[in-house]
Amino acid sequence: MAITKETVVDKIEVLEMGQVQVRTATKIVEDGNELNRSFHRHVIEPSVKNNDTWEDTDISSEDARVQAIANATWTDEVKTAYQTMIDSQETL
């Protein structure tokens, strides 16, 4: 009777302004039968603002598939559009 806990990234979505939304599933399994599953979501932005300076988001701790999608999605155009959107919201 082995009970295990598995955590997997089971959904990766790219949102309109380039943000990457990640869903992580945590599964409790006993003898091959799933007893429970719960979800956690987090969003990663293409850029972060640090003391009024834009920097690339550090994704080194993310799942390899998340990194691949973020790197493919976050072109200079996407980063600039995201930064412009955030800057315009700050002036409202």
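This section reports on the structure supplied with the text. (Residues numbered from 1 in each chain as written. Predicted model: local features only at pLDDT ≥ 70, side-chain atom pairs only at ≥ 80, totals over all residues. Heavy atoms only, no water.)

1. What about the overall build of the protein?
Part 1 of the argument: Summing up its helical and strand segments, the protein has 2 helices and 5 strands in all.
Part 2 of the argument: What you see in the protein, going N to C, is helices and strands ordered as β-β-β-β-β-α-α.
Part 3 of the argument: For the protein, whose C-alpha radius of gyration is 17 Å, the value lies well above the compact-globule estimate of 12 Å for 92 residues.
Part 4 of the argument: When the backbone C-alpha atoms are referred to their principal axes, the protein occupies close to 55 × 25 × 25 Å.
Part 5 of the argument: Residue burial in the protein is summarised as follows: out of 92 residues, 28% are buried.
Part 6 of the argument: Looking at the protein alone, contacts between residues at least 24 apart form 42% of all its contacts between residues at least 6 apart. (Helix = DSSP H or I, 4+ residues; strand = E, 2+ residues; numbered from the N terminus. Rg over C-alpha atoms; globule rule 2.2 N^0.38 Å. Buried < 20%, exposed > 50% of the residue type's maximum accessible area, 1.4 Å probe, protein only. Contact = heavy atoms within 4.5 Å.)

2. Some words on the packing of aromatic side chains
Part 1 of the argument: A full pass over the atoms with the stated rule returns 1 aromatic pair.
Part 2 of the argument: Here tryptophan 54 and tyrosine 82 contribute two aromatic rings whose centre-to-centre distance is 6.3 Å and whose plane-to-plane angle is 75 degrees, an arrangement assigned as edge-to-face. Placement of tryptophan 54 in strand S5 (residues 53-56) and of tyrosine 82 in helix H2 (residues 76-90) is noted, with a sequence separation of 28 residues between them.
Part 3 of the argument: The aromatic ring of phenylalanine 39 is capped on one face by arginine 23, whose charged end is 4.1 Å from the ring centroid. (Phe/Tyr/Trp six-rings, centres within 6.5 Å; stacked < 30°, edge-to-face > 60°. Lys NZ or Arg CZ within 6 Å of the ring centre and 35° of its normal.)

3. Quick word on the pairing of strand S1 (residues 3-14)
Part 1 of the argument: For S1 and strand S2 (residues 20-30), the ladder comprises 11 bridges, and the chain directions are antiparallel. For isoleucine 3, the partnering residue across the bridge sits in S2 and is glutamate 30.
Part 2 of the argument: In textbook terms, the turn of a hairpin is the stretch between consecutive antiparallel strands, and for S1 and S2 this stretch comprises 5 residues, one of which, glycine 18, has a positive phi near 95 degrees. (Pairing = 2+ DSSP bridges.)

4. Some points on the pattern of salt bridges
Part 1 of the argument: Using the criterion set out here, one finds 8 salt bridges in the structure.
Part 2 of the argument: Between lysine 49 and glutamate 90 there is a salt bridge whose closest N-O contact spans 3.0 Å. Taken together, the residues span a long stretch of sequence, with lysine 49 in strand S4 (residues 47-50) and glutamate 90 in helix H2 at a distance of 41 residues.
Part 3 of the argument: With a closest N to O distance of 3.4 Å, aspartate 63 and arginine 65 form a salt bridge.
Part 4 of the argument: One network of salt bridges, in which partners are shared, links Lys49, Asp87 and Glu90. (Salt bridge = Lys/Arg side-chain N within 4 Å of Asp/Glu carboxyl O.)

5. A short note on the pairing of S2
Part 1 of the argument: Buried residues dominate S2, accounting for 9 of its 11 residues.
Part 2 of the argument: Here S2 runs beside strand S3 (residues 33-44); their pairing, made up of 11 bridges, is antiparallel. Bridging from a neighbouring strand, valine 22 pairs with histidine 42 of S3.
Part 3 of the argument: Count of turn residues in the S2/S3 antiparallel hairpin: 2 residues, of which aspartate 31 carries a positive phi of about 50 degrees.

6. Focus: the sheet that holds S1
Part 1 of the argument: Reading across the sheet, the 3 strands line up as S1-S2-S3 and stay open at both edges, with antiparallel pairing between neighbours. What marks the edges here is a single partner per strand, and that holds for S1 and S3. Here the average twist between neighbouring strands, direction ignored, is 20 degrees.
Part 2 of the argument: Along the sheet face, helix H1 (residues 64-73) touches S1, S2 and S3 and points at about 10 degrees away from the line of S1. (Axes fitted to C-alpha atoms, helices over the stretch in contact; angles between N-to-C directions.)

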